[in-house]
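Chain by chain, the residues run as shown.
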Amino acid sequence: MRKLILTALTCSAFFVSNAQTNDNATTGASFGIKGGVNFSNLYTEDIDDNNVLTSFNVGVFVSMPITNFLSIQPEFLYSRKGAELVYDNAFASGTGKFKLNYIEAPILLKVNLTENLNIHAGPYFAYLIDAEVTNESNSGDFDFEENVDNDDFNKFDYGLSAGAGFDFDSIGFGVRYNYGLSTVGKERSFLGTTYTFPDGKNSNLSIYAAYKF
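Rules of the game
- Residues numbered from 1 in each chain as written.
- Predicted model: local features only at pLDDT ≥ 70, side-chain atom pairs only at ≥ 80, totals over all residues.
- Heavy atoms only, no water.
- Helix = DSSP H or I, 4+ residues; strand = E, 2+ residues; numbered from the N terminus.
- Contact = heavy atoms within 4.5 Å.
- Buried < 20%, exposed > 50% of the residue type's maximum accessible area, 1.4 Å probe, protein only.
- Core = buried A, V, L, I, M, F, W, Y, C linked by side-chain atoms within 4.5 Å.
- pLDDT = per-residue confidence, 0-100.
- Pairing = 2+ DSSP bridges.
- Phe/Tyr/Trp six-rings, centres within 6.5 Å; stacked < 30°, edge-to-face > 60°.
- Lys NZ or Arg CZ within 6 Å of the ring centre and 35° of its normal.

1. Some words on the overall build of the protein chain
- A count of helical and extended segments in the protein chain gives 1 helix and 10 strands.
- Counting helices and strands in the order they occur from the N terminus, the protein chain gives α-β-β-β-β-β-β-β-β-β-β.
- Relative to all contacts within the protein chain whose residues are 6 or more apart in sequence, the contacts with residues 24 or more apart total 64%.

2. What to know about the environment of F76
- The residue F76 is located in strand β3 (residues 70-88) in this model.
- A relative accessible area of 38% places F76 in the partly exposed class.
- In this structure the C-alpha to C-alpha distance between F76 and V60, which are 16 residues apart in sequence, comes to 5.5 Å.

3. Things to note about the nonpolar core
- L100, Y102, L128, A131, V133, F153 and V184 are the most contacted members of the largest nonpolar core, which has 13 residues in total.
- Broken down by element, the residue count for this core peaks at 5 residues, all from strand β5 (residues 117-137).

4. Comments concerning the confidence of the model for the protein chain
- When pLDDT is averaged along the protein chain, the result is 83, and 77% of the positions lie at 70 or above.
- Confidence drops under pLDDT 50 across residues 11-26; counting only partners more than four residues distant or on other chains, this segment forms 14 contacts.

5. Describing the pairing of strand β1 (residues 30-43)
- By the criterion of burial, β1 is predominantly enclosed, with 10 of the 14 residues buried.
- Looking at chain direction, β1 and strand β2 (residues 53-65) are connected through 11 bridges and run antiparallel. Counterpart to K34 in the pairing with β2 is G59.
- The pairing of β1 with strand β10 (residues 201-212) spans 12 bridges and is classified as antiparallel. Considered in β10, the bridge of L42 is made with N202.

6. Overview of the packing of aromatic side chains
- Scanning all chains against the criterion turns up 4 aromatic pairs.
- Seen from their ring centres, F56 and Y78 are 5.7 Å apart, and the 40 degrees between their planes marks the pair as tilted. A residue pair is termed long-range when its members are at least 10 positions apart, and F56 in strand β2 and Y78 in strand β3 qualify at 22 residues.
- Exposure remark for F56: the relative accessible area of 33% places this residue in the partly exposed category.
- Judged by relative accessible area, Y78 falls into the buried class, the value being 1%.
- When the centroid spacing of 5.8 Å and the interplanar angle of 90 degrees are considered together, the rings of Y211 and F213 count as edge-to-face.
- For Y211, a relative accessible area of 40% gives the class partly exposed.
- Residue F213 is classed as partly exposed on the basis of its relative accessible area of 38%.
- Here K34 stacks its cationic end above the ring of Y208, 4.1 Å away from the centre of that ring.

Structure, rendered in structure tokens:
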């Protein structure tokens, strides 16, 4: 599945670069590819940095100017989010990882403050294509990943994105934060009690590089 997604992203980049050859002169749009590092977490009420999962994102984008300093930038990304949980109690100790693989589509309003510096913000929408839960227990007796699968997670996620970047002739760099507004886990029932696991929302900081065709 992951190889198929990466192949699709590469093909998308090829097609948008061909489209640019025909349309860029009249529309002023710029197309490119981007990728970077994710530092993600799951939060309930307060966001902390205790359970950060380090992963990646990769995809394509198109920047459509409205004025000389304002543009709309939709993106199509493969992005891994989730969290890393380190536990140590009287029953067991170890590390559990929630790896949530999304197809993500931010729609950003981009403001060029100077020729090279921009800020951007807007909503994002995401679809969960795969969820992987792993556990490394020191005792080997506490294997909760066997009780969690794709059906335990909500397929759709959405939230707010905001960031800043530096754009040059063909390359760019930036940082962005995604604040999830949808709970990742589904409600479940056990012995008449309803609960949600994982009862958290996505929080993700990404550092990226971009190349414009």
